[in-house]
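# Report on the structure
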Amino acid sequence: IRDLDSSLVGSEMCIRDSPETALWRVTESPVDQLIDRVIDGQAVSARAGHALINTGFITLDKALSGGMHVGDLTIVGGLPGSGKTIATLQWARNMAIAGNEVLYLCYEHDVATLLGRLMALEIGHLETHLEADDARSVSDALSYTMNGAGNPDSRVLQHPVARAALAQIDTYADRLVLSQAPNHCDLSVIESKVREGDYDVVVVDYLQKVPSPRGLTGIDRYSQTVEGLKNLALAAECLVVAVSAVDSGALSERRLKLDGLRGAHALAHEADVVMTLNAKLSVVSKAHLAFDSTLYDEFSRYVVFTIEKNRRGMAPLTVEFEKDFAFFRFQPKGRFVAEKLIDDLIVTE
């Protein structure tokens, strides 16, 4: 994996025009010319070949009418531990495998931790071809050495399972950049990175940690960040996926919704797609468990992805994916949620 060291973005690159000036670019074309270009099969967008980008989560892509779109800003919110980073890193990996240039910009974890998670994810995909105990032991060893010492133990990397995972990573490594965001990585620096790398996909984990060069705080800061990320998606013709934190008041709610995200007002207006992650056991109606207590274990294995907003399709829609957090991943097939969720009931439980 290529690591964009913070030293590559010096202070002189932060001295730019205002984000509005730097990101704003007007393009225009008469409608008749656009129609002719579409009929002739020519690209209306410079990235028309990648205009629709799959997450690799099959049911989610169906719910999004085929996947995510270049020029869009997608927000992913969830309570701590719901799997936001796991899902978005897995999407980034899937998008890179599909041939897209991807930047994963993280304010939460260093690149060694992200690489460790990526290796565990690949081991999880290899598990069906290996002894389960063997795969789990290597994954556990990787997790311990990455999170503890910061670097993998060379003996672990020599294990055949780890070497097979590394071989798989090598097939897309030159298209996926893992970057730990430095303290000065504000919107202008993010834009510089994107312009320099000419990325198809940019993942920001997470948007509330993007610093404000103007010293803004609270709602004003979040509004500036989300507006800047949307402008970046349009100007750079890329897909931007941003992880969102939740308001403290939402931590006690059984089901997180859009209004529980931090800076929800700005997110609701600027984002093209907003989805929330909830543990299925928390949000499903207890009526289902009353008649079959064996469903408790099944529900506890799933996370519900709710598409709260979708400018290009239907919303809300709910899909669910099985957790495999031992390997830092979700099972990619998924399914639409069949059970009633708590906010779908006429009577509040």
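All values derive from a computational prediction rather than experimental measurement. Positions within a chain are numbered from 1, following the residues in the order the chain's sequence is written. A pLDDT threshold of at least 70 governs which residues receive local features in this predicted model, and a stricter bar of 80 or more applies before side-chain atom pairs are shown or counted, although totals over entire chains, interfaces and linings include all residues. The basis for every side-chain value is the complete set of heavy atoms in the structure, and neither hydrogens nor water enter the calculation.

Starting at the N terminus, helices and strands are each numbered in turn, a helix being any DSSP run of H or I of at least four residues and a strand any DSSP run of E of at least two. Per the secondary structure count, the chain includes 14 helices and 12 strands. Sequence separation of at least 24 residues holds for 72% of the intrachain contacts in the chain that already meet a minimum separation of 6. Summed over all atoms, the accessible surface of the chain reaches about 16200 Å², with 52% contributed by carbon and sulfur. Here, residues are in contact when the closest pair of their heavy atoms is within 4.5 Å. All accessible areas in this document rest on Shrake-Rupley with a 1.4 Å probe, and a residue is counted as covered only by the protein chains that are shown.

What follows deals with the pattern of salt bridges. Here a salt bridge means any side-chain nitrogen of Lys or Arg lying within 4 Å of a carboxyl oxygen belonging to Asp or Glu. By the definition in use, this model includes 13 salt bridges. For aspartate 272, the salt bridge identified is with lysine 230, shortest N-O distance 2.7 Å. Here aspartate 272 is found in the loop between α11 (264–270) and β8 (273–279), whereas its partner lysine 230 is found in helix α10 (residues 218–235), with 42 residues between them in sequence. The same class applies to aspartate 272 and to lysine 230, which are both buried. Categorising residues by exposure relies on relative accessible area from a 1.4 Å probe, with only protein chains included: less than 20% of the type maximum marks a residue as buried, more than 50% marks it as exposed, and the intermediate range marks it as partly exposed.

A helix is expected to reach a length of 1.5 Å times the quantity of its residues less one. The terminal C-alpha atoms of α10 lie 26 Å apart, and with 18 residues this matches the ideal 26 Å at 1.5 Å per residue to within 8%. Looking at α10, one finds that the buried residues are Tyr222, Ser223, Gln224, Thr225, Val226, Gly228, Leu229, Lys230, Leu232, Ala233 and Ala235. One or two residues past the end of α10 sits glutamate 237, with phi positive at roughly 50°.

When the centres of two rings from Phe, Tyr and Trp lie within 6.5 Å, Trp using its six-membered ring, the rings pair. Their planes under 30 degrees apart give stacked, over 60 give edge-to-face, and anything left gives tilted. Applying the stated criterion across every chain yields a total of seven aromatic pairs. Relative to tryptophan 91, the ring of phenylalanine 57 lies with its centre 5.9 Å away and its plane at 80°, an arrangement referred to as edge-to-face. Note that phenylalanine 57 is positioned in the loop between β1 (52–53) and α3 (58–63) and tryptophan 91 in helix α4 (residues 84–97), a separation of 34 residues in sequence. Here phenylalanine 57 and tryptophan 91 have matching classes, each one buried. With a centroid separation of 6.1 Å and an interplanar angle of 70°, the aromatic rings of phenylalanine 57 and phenylalanine 330 are classed as edge-to-face.

A few words now on unusual backbone geometry. In most cases, non-glycine residues show a negative phi, while peptide bonds are predominantly trans. Cis geometry is adopted by the peptide bond preceding tyrosine 206, which originates at aspartate 205 and carries an omega value of 5°. Relative to the helices and strands, tyrosine 206 is located in the loop between β6 (201–205) and α10. One non-glycine residue, serine 65, lies in positive phi territory at about 60°. In this model, aspartate 198 sits at a positive phi of 50°, which is unusual for a non-glycine residue. As for its placement among the helices and strands, aspartate 198 is situated in the loop between α9 (187–197) and β6.

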